Amino acid sequence: VDPNGPWMICEVGVSGLKNIRKKTVTKAAHAKKGELYERFAISEDIHDISALGNFDQVEIDISPMPGTRTEKDGREAYPCHRLTYLVQEKPIFDRLTYEGRKHLGKGAITQAMTLKLKDPFNEAKLEADLERIKAKYAEKGYISADVKYELTRDEQLGVVYVKLIINEGERVRVKAVNFNGGGELPTEKILKKASNRPGKVFK
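Residues numbered from 1 in each chain as written. Predicted model: local features only at pLDDT ≥ 70, side-chain atom pairs only at ≥ 80, totals over all residues. Heavy atoms only, no water.

(A) A look at the overall build of the chain. Summing up its helical and strand segments, the chain has 5 helices and 7 strands in all. In the chain, the succession of helices and strands from N to C terminus is β-α-β-α-β-β-β-α-α-β-β-α. For the chain, the C-alpha radius of gyration of 29 Å lies well beyond 17 Å, the compact-globule estimate for 203 residues. The principal-axis extents of the C-alpha atoms in the chain amount to approximately 95 × 40 × 25 Å. By sequence separation, contacts in the chain at least 24 residues apart represent 60% of the contacts at least 6 residues apart. Of the roughly 12900 Å² of accessible surface on the chain, a fraction of 47% belongs to carbon and sulfur atoms. Charged side chains of the chain number 36 positive and 30 negative; the gap between the two group centres comes to 12 Å. (Helix = DSSP H or I, 4+ residues; strand = E, 2+ residues; numbered from the N terminus. Rg over C-alpha atoms; globule rule 2.2 N^0.38 Å. Contact = heavy atoms within 4.5 Å. Areas by Shrake-Rupley, 256 points an atom, 1.4 Å probe, with all protein chains shown as cover. Lys, Arg positive; Asp, Glu negative; His and termini not counted. Charge placed at Lys NZ, Arg CZ, Asp CG, Glu CD.)

(B) How the structure looks around helix H4 (residues 123–139). For H4, with 17 residues, the first-to-last C-alpha span of 25 Å sits near the 24 Å given by 1.5 Å per residue. Along H4, the residues that are buried comprise Leu 126, Asp 129, Leu 130, Ile 133 and Tyr 137. Taken down its axis, H4 places every buried residue within 120° of arc, on the same side. Where H4 is buried, its residues meet helix H3 (106–112), strand E6 (146–154) and strand E7 (159–167). Its side-chain oxygen at 3.0 Å from the backbone nitrogen of Ala 124, Asn 122 defines the N-terminal cap of H4. (Expected span 1.5 Å × (residues − 1). Buried < 20%, exposed > 50% of the residue type's maximum accessible area, 1.4 Å probe, protein only. Arc of directions from axis to C-beta. Polar contact = N/O pair within 3.5 Å; in protein donor to acceptor, adjacent residues only side chain to side chain.)

(C) Region of interest: the packing of aromatic side chains. Overall, the coordinates contain 2 aromatic pairs when judged by the stated rule. Both rings, one in Trp 7 and one in Tyr 37, keep their centres 6.4 Å apart while their planes meet at 35°; by these two values the pair is tilted. Of this pair, Trp 7 sits in strand E1 (residues 7–15) while Tyr 37 sits in strand E2 (residues 35–37), and the two are 30 residues apart along the sequence. Tyr 37 matches Trp 7 in its accessibility class, with the two residues each being buried. A ring pair is formed by Tyr 137 and Tyr 142, whose centres lie 6.0 Å apart and whose planes are at 90°; its orientation type is edge-to-face. The ring of Tyr 161 carries Arg 95 above its face, with NZ or CZ at 4.0 Å from the centroid. (Phe/Tyr/Trp six-rings, centres within 6.5 Å; stacked < 30°, edge-to-face > 60°. Lys NZ or Arg CZ within 6 Å of the ring centre and 35° of its normal.)

(D) Quick look at the environment of Phe 55. Mapped onto the elements of the fold, Phe 55 is located in strand E3 (residues 55–70). Given a relative accessible area of 5%, Phe 55 falls into the buried group. In sequence terms Phe 55 and Leu 17 are 38 residues apart; their C-alpha atoms lie 9.7 Å from each other. In contact with Phe 55, other than residues within four places in its own chain, are Leu 17, Ile 20, Val 25, Ile 49, Val 87, Gln 88, Glu 89 and Lys 90.

Structure, rendered in structure tokens:
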């Protein structure tokens, strides 16, 4: 294969797909059957396909194949090439289970998470989501709640299962409120306007 191109593309393929459709890749790329493919398009395709967020690795293979094809203007025939996008998918976030969850609904937890089911799995996103879940617990008065996770990977299916391990701790209530600084307004009137007052869940 001429390393400098251009190459006449007579066939376009994608290798390594498990959960992502071929059309998703080819639509983001530049290679088209019956058209010349320039060398500069290789780096552009790798960038554009990677930007989809579904793949850990993207490479391109260009191999000769039998036959020739003429340019659209009909002036010159070029030997045919097969272009294959070689991809390695990120696993899909396919299942979420819980251990230790009692006082916060599943819906509240999933709404707090930026990583959603069927998204490409992103561990950095999941770790940030743990803090969002803790904040949801704090709104309910569980200010010492702790959340960890365990991962199970199915390499054959290309999926990841996440189990959240939750230690909710005790719900905290306000025992007393003290005021510093005098004023004409009675403290009882101030307390009536406060969310954190004796007997209420601490927020």
